[in-house]
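Remarks on the overall topology
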Amino acid sequence: MIKIGIVGYGNLGRGVECAVSKSNDMELVGVFSRRNPETVKTHTNVPVYEMKKVYDMKDQIDVLVLCGGSANDLPKQTAELAEHFNVIDSFDTHAKIPEHFEDVNKASVNGKHISIISVGWDPGLFSLNRLYGQAILPNGNDYTFWGKGVSQGHSDAIRRIEGVKDARQYTIPVEASLESVRNGENPDLTTRQKHTRECFVVAEEGADLERIENEIKTMPNYFSDYDTTVHFISEEELMRDHKGIPHGGIVFRTGTTGFDNENKHVMEYKLTLDSNPEFTSSVLVAFARAAYRLASEGQYGCKTIFDIAPAYLHPATGEELRKNLL
């Protein structure tokens, strides 16, 4: 059995707990949290330890799955733990991935452990499909659409506005742009032409709704470049209709082959997710299996999804995969 430890017990950590419980070749050793362990109740009753206890349990853990945030937790935490453990993280700040890789690789090499970073669906599965598309259709274009789904970062940005009690923000692809890509028309699309944003906001009693709506629509880096719709609703409506965390998206590669580029092709990879964190957690757990296998072979250093052979992800043997899936 592959012995798994979880660092952090938010939505992602709970998803990893669930995914491990459904994996016949894994067992969960414990959850490690910065919170008081006595205040954290796990679904499967696995023990919860204070964070510093993790170093005392190095011999009991094969792979640590890190479930912290990319803004503040993972940039420091992954490198620190990678020197002592095989680790997996879902670091998703695209522009900082090269820097994160260098830091984690140095620690992993020093400790002779395996680390796999930026595991999830974007970055992650979508990244891999972009690679396949470019390799197979070098004369072509990439397109990525996200949604329809809840953007947790954008929802948090709305909640920081004065007078907002709670909010959910949905990222929605523009259907006409989607169909243009799907038809192989290779359009040049602006940010505004690819996605719209729809906001459901619970305002504090007596708040200035016009001001809140204006602050949302003009917020740089979040909403100002998009057509944005704002709905003010009650707290009851929000909890009834918008309590889930769905998401998804589509990666396209469109291109041509033939000596005169006479043949058009469209590659399309789509995800429709009821629970963004639970799906991401399932990806993390599959790559934890890969990390264990790589470490068992004596490999070490930092890897990304580009470096992992698909057979390492699946619990079946190579013989079984060739017989049943190939």
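Everything that follows concerns the structure shown earlier in this document.
Residues numbered from 1 in each chain as written. Predicted model: local features only at pLDDT ≥ 70, side-chain atom pairs only at ≥ 80, totals over all residues. Heavy atoms only, no water.

1. Digging into the pattern of salt bridges
What counts here: Throughout this description, the term salt bridge denotes a Lys or Arg side-chain nitrogen within 4 Å of a carboxyl oxygen of Asp or Glu. Relative accessibility decides the category of a residue: with a 1.4 Å probe and only protein chains considered, values under 20% of the type maximum give buried, values over 50% give exposed, and everything between is partly exposed.
Evaluated as defined, the whole model comprises 17 salt bridges. The closest approach of N and O atoms between Arg-130 and Asp-122, which form a salt bridge, is 2.7 Å. A single burial state applies to Arg-130 and to Asp-122, both of which are buried. Here Asp-166 and Arg-168 are joined by a salt bridge, their closest N and O atoms 3.1 Å apart.

2. Let's talk about the pairing of strand 13 (residues 263–273)
Residues in a regular strand project their side chains so that they alternate between the two faces of the sheet. What counts, and what does not: Only strands that DSSP links by at least two bridges are regarded as paired with each other. Secondary structure elements are defined from DSSP: runs of H or I of at least 4 residues count as helices, runs of E of at least 2 residues count as strands, and each element is numbered from the N terminus.
Bridging between strand 12 (residues 247–257) and strand 13 involves 11 bridges; their strand directions are antiparallel. When the sheet's bridge partners are listed, Gly-248 is paired in strand 13 with Thr-272.

3. What to know about the sheet that holds strand 13
Rules: As a rule, the C-alpha atoms of each element are fitted with a line to give its axis, helices using only the stretch in contact, and angles between N-to-C directions run from 0 to 180 degrees.
Read from one edge to the other, the open sheet built from three strands follows the order 7-12-13, with strand pairing classed as antiparallel. Since the sheet does not close on itself, it has two edges, and those belong to strand 7 (140–146) and strand 13, each with one partner. Strand-to-strand twist in this sheet, taken as the mean axis angle between neighbours without regard to direction, amounts to 10°.

4. Quick look at the environment of Glu-17
What counts is decided by this rule: Any two residues having at least one pair of non-hydrogen atoms within 4.5 Å are treated as being in contact.
Relative to the helices and strands, Glu-17 is located in helix 1 (residues 11–21). Sequence separation between Glu-17 and Val-285 is 268 residues; the distance between their C-alpha atoms is 9.3 Å. Look past the residues within four positions of Glu-17 in its chain and what remains in contact with it is Ile-6, Tyr-9, Leu-28, Thr-42, His-43, Thr-44, Asn-45 and Val-46.

5. Points about the sheet that holds strand 6 (residues 114–116)
Within a sheet, adjacent strands bond to each other through the backbone by hydrogen bonds, running parallel or antiparallel. Spatial ordering of the open sheet is given by 3-2-1-4-5-6-14, a layout of seven strands whose pairing is parallel. The sheet terminates laterally at strand 3 (48–50) and strand 14 (301–303), the two strands that pair on one side only. With two bridges joining them, strand 4 (residues 63–66) and strand 5 (residues 87–88) adopt parallel strand pairing. Paired with Leu-64 across the two strands is Val-87, which belongs to strand 5. This element, helix 10 (residues 276–296), spans strand 1 (2–7), strand 2 (26–33), strand 4, strand 5 and strand 6 of the sheet and lies at about 155° to strand 6.

6. Details of the nonpolar core
Selection criterion: To form a nonpolar core, buried Ala, Val, Leu, Ile, Met, Phe, Trp, Tyr and Cys residues must be joined to one another through side-chain atoms within 4.5 Å.
Judged by nonpolar contacts, the single largest core of 38 residues is most densely connected at Ile-4, Val-16, Ile-88, Ile-116 and Phe-287. When residues of this core are traced back to their parent elements, those giving at least two are strand 1, helix 1, strand 2, strand 4, strand 6, helix 4 (125–136), strand 13 and helix 10. With eight residues, helix 10 is the largest single contributor of residues to this core. Aside from chain neighbours lying at most four places away, what touches Val-16 is Ile-6, Val-65, Cys-67, Ser-281, Leu-284 and Val-285. By size, the runner-up hydrophobic cluster in this structure holds 21 residues, among which are Met-51, Leu-81, Phe-85 and Ile-97.

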